[in-house]
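Residue-level listing of the chains:
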Amino acid sequence: MTVRTSACPACAEPVGLGDRFCEACGSSLLRKGSTSVEAVAKETARKCPACGTVCGTTTEYCDDCGLRLPDPADRTTIDLGSLAGVSDRGLVHSRNEDAIALGRLLDGTTAAVVCDGVSTTRRPERAARTASEAALAVLLGAEAPAEPVARVRAAVAAAGTAVATLDGPNPLPDGPSCTLVAAYVADGKVTVGWVGDTRAYWLAGPDSRLLTHDHSWAAEVVAEGLMDEAAAFADRRAHTITRWLGPDMLPDPDVVSVHQDGAGTLLVCSDGLWNEAPEAGRIGEFVAGAGQGATPLAVAERLTEFALAAGGRDNISVVVIPLEGAQV
């Protein structure tokens, strides 16, 4: 086994794949970190837009007039330069039950996670935020397996454990739950793992394609030949998921590593986007429409605005990772 190393930017001592801090001098090796919406919410007092009352950080409604207060999670933007993500509440739901987490190490190792809370469970937004951060910590951590598929599986397992124990050792079956898609990019190779119907796409012109397959009722009846795709997705059961992370479900991810020479864009997203444009080619057209040289953040915002313009019927989360000349 070959262990890839690079040098600490502060003291030039060798550092290993996945190391977050230099053992010699203690300097951070993260180029930029992820943003925790929950941490921001804990630190920021909120002002009521109607009456001006300054309310506590954990208060959902204004103490004086009763208006629902803005939530920092309603719109989350993370811009790491070489990759970026947006998570938006949409126009229909009262809160954002999606979450994103992304990061990049100095050696170029990149990871992104998108989670979508299961709305029929209690506090699904807690599950999504907890799972995204737990998975990212493993994907970019020094202690996880070096082999990419094993690393992604370990990340999903860690996310599953974190979600399953949110309510303590004896959680109720309807405790916080979510879906998850995680992408790990290292040494020119992309590995994607998922549970549920959050998706990953490879966007490269005519070679654009969906990398994942949904763990949902519609996808499974189509795969078994019981219904055609149009009929299945028109059924009211279409988006009923068959796998998730939660207290009553063991993590059971599918994981793929896909190889293709050439440049393109890796996109991970929740169904708030792909419900409006499920075909990889159509999403690729929106990405290309951002223009040559558009930043990852500009592309993520363009896709988010498209989903909002289409009705914003669900929470929308999008992470954009351009890969120039990589093997995917």
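Because the structure is a prediction, the values reported are computed rather than measured. (Residues numbered from 1 in each chain as written. Predicted model: local features only at pLDDT ≥ 70, side-chain atom pairs only at ≥ 80, totals over all residues. Heavy atoms only, no water.)

**Digging into the overall build of the protein chain**
For clarity, the cut-off: Secondary structure counts use DSSP, requiring at least four H or I residues in a row for a helix and at least two E residues in a row for a strand, with both numbered from the N terminus. Only protein chains enter the calculation, and the probe is 1.4 Å; a residue is then buried if its accessible area is under 20% of its type maximum, exposed if over 50%, and partly exposed in between. Residue contacts are defined here by distance: any two heavy atoms, one from each residue, within 4.5 Å place the two residues in contact. With residues, only the protein chains shown are counted as cover, and all accessible areas are computed by Shrake-Rupley using a 1.4 Å probe.
Each helix and strand counted, the protein chain has 8 helices and 16 strands in total. By residue count, 48% of the 328 residues in the protein chain fall in the buried class. In the protein chain, the proportion of contacts linking residues at least 24 apart, taken out of those at least 6 apart, comes to 62%. Carbon and sulfur atoms make up 52% of the accessible area of the protein chain, which amounts to about 14400 Å² in all.

**Quick look at the pairing of strand S7 (residues 84–88)**
How we decide: Between any two strands, pairing holds if DSSP finds at least two bridges.
Here S7 lies mainly inside the structure; 5 of its 5 residues are buried. As paired elements, strand S6 (residues 75–79) and S7 share 5 bridges and run antiparallel to each other. Note that in S7 the partner of Arg75 across the bridge is Asp88. Counting the residues in the hairpin turn of S6 and S7 gives 4 residues, including Gly81, whose phi is positive at 85°. Across 5 bridges, the pairing between S7 and strand S16 (residues 316–323) is antiparallel. Residue pairing in the sheet places Ala84 in a bridge with Val320 of S16.

**A word on helix H3 (residues 148–164)**
The condition that has to hold: One less than the number of residues in a helix, times 1.5 Å, gives the span that helix is expected to have.
Counted at 1.5 Å a residue, the expected span for H3 with its 17 residues is 24 Å, and the 24 Å between its end C-alpha atoms agrees. Residues Pro148, Arg151, Val152, Ala155, Val156, Ala159, Gly160, Ala162 and Val163 constitute the buried set of H3. For H3, the elements touching its buried residues are helix H2 (124–139), strand S10 (178–186), strand S11 (189–195) and strand S14 (254–258).

**Description of the environment of Trp274**
If you trace the backbone, Trp274 turns up in helix H6 (residues 271–274). Residues within four places of Trp274 in sequence aside, it is in contact with Asp197, Arg199, Tyr201, Asp214, His239 and Cys269.

**Quick word on the confidence of the model for the protein chain**
Here is the rule: Confidence of the prediction at every residue is given by pLDDT, a number between 0 and 100.
For the protein chain, mean pLDDT is 86; residues scoring 70 or higher make up 83% of the total. Ignoring residues within four places in sequence, the model shows residues 1–5, a span with pLDDT below 50, making 10 contacts including any to other chains. Contacts from residues 31–44, a stretch scored under 50 in pLDDT, to residues over four places away or in other chains number 29 contacts.

**Structural notes on the pattern of salt bridges**
Where charged atoms from two side chains of opposite charge come close, those side chains can pair. Inclusion rule: By salt bridge we mean one thing: a side-chain nitrogen of Lys or Arg within 4 Å of a carboxyl oxygen of Asp or Glu.
If you walk through the whole model with that rule in mind, you get 14 salt bridges. Salt-bridge contacts for Glu125 lead to Arg95; the nearest nitrogen and oxygen are separated by 3.5 Å. With Glu125 in helix H2 and Arg95 in the loop between S7 and strand S8 (98–105), this pair connects stretches of sequence that are 30 residues apart. For Glu125, a relative accessible area of 6% translates into the label buried.

**Some points on the sheet that holds S7**
For clarity, the cut-off: Between the N-to-C directions of two axes lies an angle of 0 to 180 degrees, each axis being a line fitted to C-alpha atoms and, for a helix, fitted only over the stretch in contact.
In spatial order, the strands read S6-S7-S16-S15-S12-S13; together these 6 strands make up an open sheet with antiparallel pairing. Both edges of this open sheet fall to S6 and strand S13 (209–210), since each of them pairs with a single strand only. Set on the sheet, helix H7 (residues 280–288) makes contact with strand S12 (199–203), S13 and strand S15 (264–269); between it and S12 the angle comes to about 65°. Against the sheet, helix H8 (residues 296–309) touches S6, S7, S15 and S16, its axis set at about 145° to S16.

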